[in-house]
Amino acid sequence: MKFETIIEPFRIKTVEPIRQTTREERLSAIRGAHYNVFQLNAEDVLIDLLTDSGTGAMSVYQWAGMMRGDESYAGARSFHTFVKSVAGITGFRHVIPTHQGRAAEHILSSAMLQPGDIVPNNTHFDTTRANIEHRGAVALNLPIHEGHQPQTLHPFKGNMDVVALERVLRENAGTVPLVMITVTNNSEGGQPVSMENIRRTSELCRAHGVPFFIDACRFAENAWFIKTREPGYADKAPLEIAQEMFKLADGCTMSAKKDGMANIGGFLAMNDDALAVTCRNSLILTEGFPTYGGLAGYDLEAIAVGLYEALDPDYLQYRVRSVEYLAEKMLAAGIPTVRPAGGHALYLDARAWLSHIPQHQYPGWALSVALYVEGGIRACEIGSVMFGRQPDGSERPADLELVRLAFPRRVYTQSHMDYVAEVLLYLNTISQDLRGVRIVEQPAALRHFTAKFALL
Ligand code: F0G
């Protein structure tokens, strides 16, 4: 007999109370936050789906590891434990700890990029793009075209367009110092990349003599999708799949706040000896001594354990199934989402759902406000507020108006997701009454974090 209930593969040993609020209290809180959920106090949120980054629950083994943390400035035991763990999965010769993913990106960009260079990726995450542009280089997105179509089903919608990549490499010889691939592809809906696509990208890079790095934040979720969707991988362990994936690359950047199962941390890893020397020198300047980077010894221990817990098949099944479970309820209710569901998040398609709100009135933002007011749920707009303002100050609507419901790791249960579904189904009954928003005040860059809004 196959039972349908999602079994969270853990018992809960420590709990953190969350607080119910009334609709009136939430209205007052969101007004005080100028209708920007980033400005809310977390205490006023019931279910926080703003991000899966650094928001997970650690295991008893991670906490035990933290007690073993060696806080020596140089050569700490915890560093060796960390390196052994990372190298056991990635196989890379040099492992450089950083305080989070963007620090690894910053160090790598500083070491490898010159103004005018081009760095292709399936889709750059914002911080990767910002670090590349900070060097005066161009961050080029080359996703397959299905990646831009919310409703089109594709098992590996996060793939790189390798035909376009081949052309870019051929036409720009000498100005592409680095190619990256992001697994899973967060900006396109948490969609996976197939092993075949990583292999073809790797072959192209090797043929053109260009180093190939993986943005590995969600490498374990990507391995699970390969196991369950790609022919030939069903009988392989997620660890073996991850090892095979990393073997195709020359290095990686990593935010351990995702599939490192930690609340902070990251690393940069590579095989190139000379590049590693340059990166370590830059690390000493910006993060810390090479055996701790930007981290405490206890953080290194928590990550060393967490990386393997993220590869546990029972955990991965629970994780991916939880997102899919919510997605199925949306599909049944006719609420449009990016399909199929991503590994770490469900992305609501606000433009399709709230088609009466024009893009310049920010339908995704309006939906994030309504989710909070009606249900105390916090989610993140990925649409024209986030991407619409151009560097010259003009406005251009984003390709998609999405609202991301990101799942913190091992934090919420099936009944929390039932509640989220109930709120969304209720919103569906009042969706025609929802109104757009306008921006009252905004900063020049990254406006979604601090802009002030008014309801229309
Ligand atoms: N790459 C990807 C694909 C990411 O999703 C993130 C972070 C980073 C790099 C940067 O890592 O935060 O440790 O510096 N994503 C978070 C999110 C913030 O909410 O998706 P970081």
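Scoring rules and cut-offs
- Residues take numbers from 1 onward in each chain, read along the sequence in its written order.
- In view of the model being predicted, local features appear only for residues whose pLDDT reaches at least 70, and side-chain atom pairs are presented and counted only at 80 or more, with totals across whole chains, interfaces and linings using the full set of residues.
- Water and hydrogen atoms play no part in the side-chain values, which are based on all heavy atoms of the structure.
- The helix count covers DSSP runs of H or I at least four residues long, the strand count covers runs of E at least two residues long, and both are numbered beginning at the N terminus.
- The size measure is the radius of gyration over C-alpha atoms, and the globule rule it meets is 2.2 Å times the number of residues to the 0.38 power.
- Throughout, the Shrake-Rupley method with a 1.4 Å probe supplies accessible areas, and for residues the shown protein chains are the sole cover considered.
- Residues counted as positive are Lys and Arg, residues counted as negative are Asp and Glu, and His and the chain ends are not counted.
- Taken as the charge location is NZ of Lys, CZ of Arg, CG of Asp or CD of Glu.
- Any carboxyl oxygen of Asp or Glu that lies within 4 Å of a side-chain nitrogen of Lys or Arg is treated as forming a salt bridge with it.
- Cysteine sulfurs are considered disulfide-paired once they come within 2.5 Å of each other.
- Partly exposed describes any residue whose relative accessible area lies between the buried limit of under 20% and the exposed limit of over 50%, with all areas from a 1.4 Å probe on protein chains only and scaled to the type maximum.
- When at least one non-hydrogen atom of a residue lies within 4 Å of a molecule or strand, that residue is treated as near it.
- Definition of a polar contact: a pair of N or O atoms within 3.5 Å, with one able to donate and the other able to accept a hydrogen when the atoms are protein atoms, and with sequence-neighbouring residues admitted only if both atoms are side-chain atoms.
- Only Asp, Glu, Lys and Arg are considered charged, only Ala, Val, Leu, Ile, Met, Phe, Trp, Tyr, Cys and Pro nonpolar, and every remaining residue, Gly among them, polar.
- Two strands qualify as a pair provided DSSP detects at least 2 bridges between them.
- Fitted lines through C-alpha atoms serve as axes, helices being fitted only where they are in contact, and the angles separating the N-to-C directions of these axes extend from 0 to 180 degrees.
- Residue contacts follow a heavy-atom distance rule, with two residues in contact if any of their heavy atoms lie within 4.5 Å.
- Residue ranges assigned to each domain were obtained from an automatic or database domain assignment.
- Summed over both partners, buried area is the accessible surface (1.4 Å probe) that two parts give up on being assembled.
- Oblique is the label for any angle not under 35 degrees, not over 145, and not in the 65 to 115 range, which are roughly parallel, roughly antiparallel and roughly perpendicular in turn.
- To estimate the expected span of a helix, count its residues, drop one, and scale the result by 1.5 Å.
- Ring geometry is summarised as follows: Phe, Tyr and Trp rings, the Trp one being its six-membered ring, pair when their centres sit within 6.5 Å, and such pairs are stacked at plane angles under 30 degrees, edge-to-face over 60 and tilted between the two.

**Re the overall build of the protein chain**
Then step 1. The number of helices and strands found in the protein chain is 16 helices and 14 strands.
Then step 2. At 22 Å, the protein chain has a C-alpha radius of gyration in line with the 23 Å of a compact globule built from 456 residues.
Then step 3. The C-alpha extent of the protein chain, read off along each of the three principal axes, is 60 × 55 × 45 Å.
Then step 4. When the accessible surface of the protein chain is totalled, it reaches about 19,200 Å², and 54% of it is carbon and sulfur.
Then step 5. Here the protein chain holds 43 positive side-chain charges and 51 negative ones, and the gap between their average locations is 1 Å.

**Quick notes on the pattern of salt bridges**
Then step 1. One pass over the structure, following the stated rule, counts 22 salt bridges.
Then step 2. In this structure, the salt-bridge partner of Glu166 is Arg170, at a minimum N-O distance of 3.2 Å. Highlighted residues: Glu166 and Arg170, both in helix α6 (residues 162–171), separated by four residues, approximately one helical turn.
Then step 3. In this structure, Lys236 engages Glu244 in a salt bridge whose closest nitrogen and oxygen atoms are separated by 3.7 Å.
Then step 4. What emerges from the salt-bridge pattern is a single network uniting Asp52, Arg218, Glu221, Asp259, Arg319 and Arg409.

**Brief notes about the state of the cysteines**
Then step 1. Per the stated rule, a full pass over the model turns up zero disulfides.
Then step 2. A disulfide-free cysteine, Cys205 has its sulfur positioned 15 Å from the sulfur of Cys252, the nearest such atom.
Then step 3. Free of any disulfide, Cys279 has its nearest neighbouring cysteine sulfur in Cys252, separated by 12 Å.
Then step 4. Residue Cys279 is classed as buried on the basis of its relative accessible area of 0%.

**Topic: the site of the ligand**
Then step 1. In the neighbourhood of the ligand, 17 residues make up the surrounding shell, with Thr51, Arg102, Ser255, Lys258 and Arg404 lying closest.
Then step 2. One of the side-chain nitrogen or oxygen atoms of Gln100 is found 2.9 Å away from an oxygen atom of the ligand.
Then step 3. At 3.0 Å, a side-chain N or O of Lys258 approaches a nitrogen atom of the ligand.
Then step 4. Counting residues per element, the shell around the ligand draws most heavily on helix α4 (residues 101–112), which supplies three residues.
Then step 5. Of the residues that constitute the shell around the ligand, the class distribution is two nonpolar, eight polar and seven charged.

**Considerations on the sheet that holds strand β12 (residues 402–406)**
Strand pairing in a sheet relies on backbone hydrogen bonds, with the paired strands running either antiparallel or parallel.
Then step 1. Taken in spatial order, the three strands make up an open sheet running β9-β12-β11, and their pairing is antiparallel. The outermost strands of the open sheet, each flanked by one partner alone, are β9 (345–349) and β11 (380–382). Direction aside, neighbouring strands of the sheet carry axes that sit 30° apart on average.
Then step 2. Most of the contacts of helix α14 (residues 363–375) go to β12, to which it runs at about 40°, and overall it touches β9, β11 and β12.

**Observations regarding the domain arrangement of the protein chain**
Then step 1. Here the protein chain is described as being made up of domain 1 (23–52 + 313–455) and domain 2 (60–309).
Then step 2. One C-alpha centre belongs to domain 1, the other to domain 2, and the line joining them spans 27 Å.
Then step 3. Counting residues at the interface gives 25 residues for domain 1 and 27 residues for domain 2.
Then step 4. Of the roughly 2,300 Å² buried between domain 1 and domain 2, counting both surfaces, carbon and sulfur atoms make up 56%.
Then step 5. It is Leu316, Arg339 and Arg409 in domain 1 that bury the most area against domain 2; as a group they hold 25% of the surface buried on that side.
Then step 6. Our count for the contact surface shared by domain 1 and domain 2 stands at five salt bridges.
Then step 7. In this structure, the salt-bridge partner of Asp52 is Arg218, at a minimum N-O distance of 2.9 Å.
Then step 8. Applying the counting rule to domain 1 against domain 2 returns 15 residue pairs in polar contact (both at pLDDT 80 or more).
Then step 9. Here the element with the most residues in the side of domain 1 that touches domain 2 is helix α12 (residues 313–333); it accounts for six residues.
Then step 10. Residue composition of the side of domain 1 that touches domain 2, grouped by class: twelve nonpolar, five polar and eight charged.

**A look at the packing of α6 against helix α7 (residues 195–207)**
The packing of two helices is summarised by the inter-axis angle and the distance between the axes.
Then step 1. Two elements in contact, α6 and α7, have axes whose closest approach is 10 Å; the angle formed by their N-to-C orientations is 10°. Considering the angle they form, α6 stands roughly parallel to α7. Residue-level contacts link Val162, Leu165, Glu166 and Leu169 of α6 to Asn197, Arg200, Thr201, Leu204 and Cys205 of α7.
Then step 2. Classifying every residue of the contact of α6 with α7 by side-chain character gives five nonpolar, two polar and two charged.

**Things to note about the side chain of Asn121**
Then step 1. Positionally, Asn121 belongs in strand β3 (residues 118–121).
Then step 2. With residues up to four places along the chain from it excluded, the contact list for Asn121 reads Leu140, Asn141, Leu142, Met160, Met180, Ile181 and Thr182.

**Re α7**
Then step 1. Compared with the 18 Å implied by 1.5 Å per residue over 13 residues, the 18 Å span of α7 between its first and last C-alpha is a close match.
Then step 2. Buried residues belonging to α7 abut α6, β5 (179–182), β6 (212–215), α8 (219–229) and α9 (238–247).
Then step 3. Once α7 finishes, Gly209 follows within two positions and takes phi at roughly 65°, a positive value.

**Regarding the sheet that holds β5**
Then step 1. Sheet architecture is open: five strands sit in the order β2-β8-β7-β6-β5, paired in mixed fashion. Two strands lie at the open edges of the sheet, namely β2 (94–98) and β5, each paired on one side alone. Within this sheet the neighbouring strands show an average axis-to-axis angle of 15°, counted without direction.

**Description of the packing of aromatic side chains**
The relative placement of two aromatic rings is captured by the distance of their centres and the angle of their planes.
Then step 1. Following the criterion strictly, the structure yields nine aromatic pairs and no others.
Then step 2. Consider the rings of Phe10 and Tyr318, whose centres lie 5.5 Å apart with planes at 85°: the pair is edge-to-face. Here Tyr318 lies in helix α12 and Phe10 lies in the segment before α1 (23–32), a separation of 308 residues in the sequence.
Then step 3. Classification of Phe10 by relative accessible area gives partly exposed; the value is 26%.
Then step 4. Each ring, one from Tyr73 and one from Tyr292, has its centre 5.1 Å from the other, and the planes form 70°; the classification is edge-to-face. Taken as a pair, Tyr73 in the loop between α2 (60–67) and α3 (77–90) and Tyr292 in the loop between α10 (273–286) and α11 (297–309) lie far apart in primary sequence, 219 residues in all.
Then step 5. For Tyr73, a relative accessible area of 54% translates into the label exposed.
Then step 6. Members of the aromatic cluster, connected to one another through ring pairs, are Phe10, Tyr315 and Tyr318.

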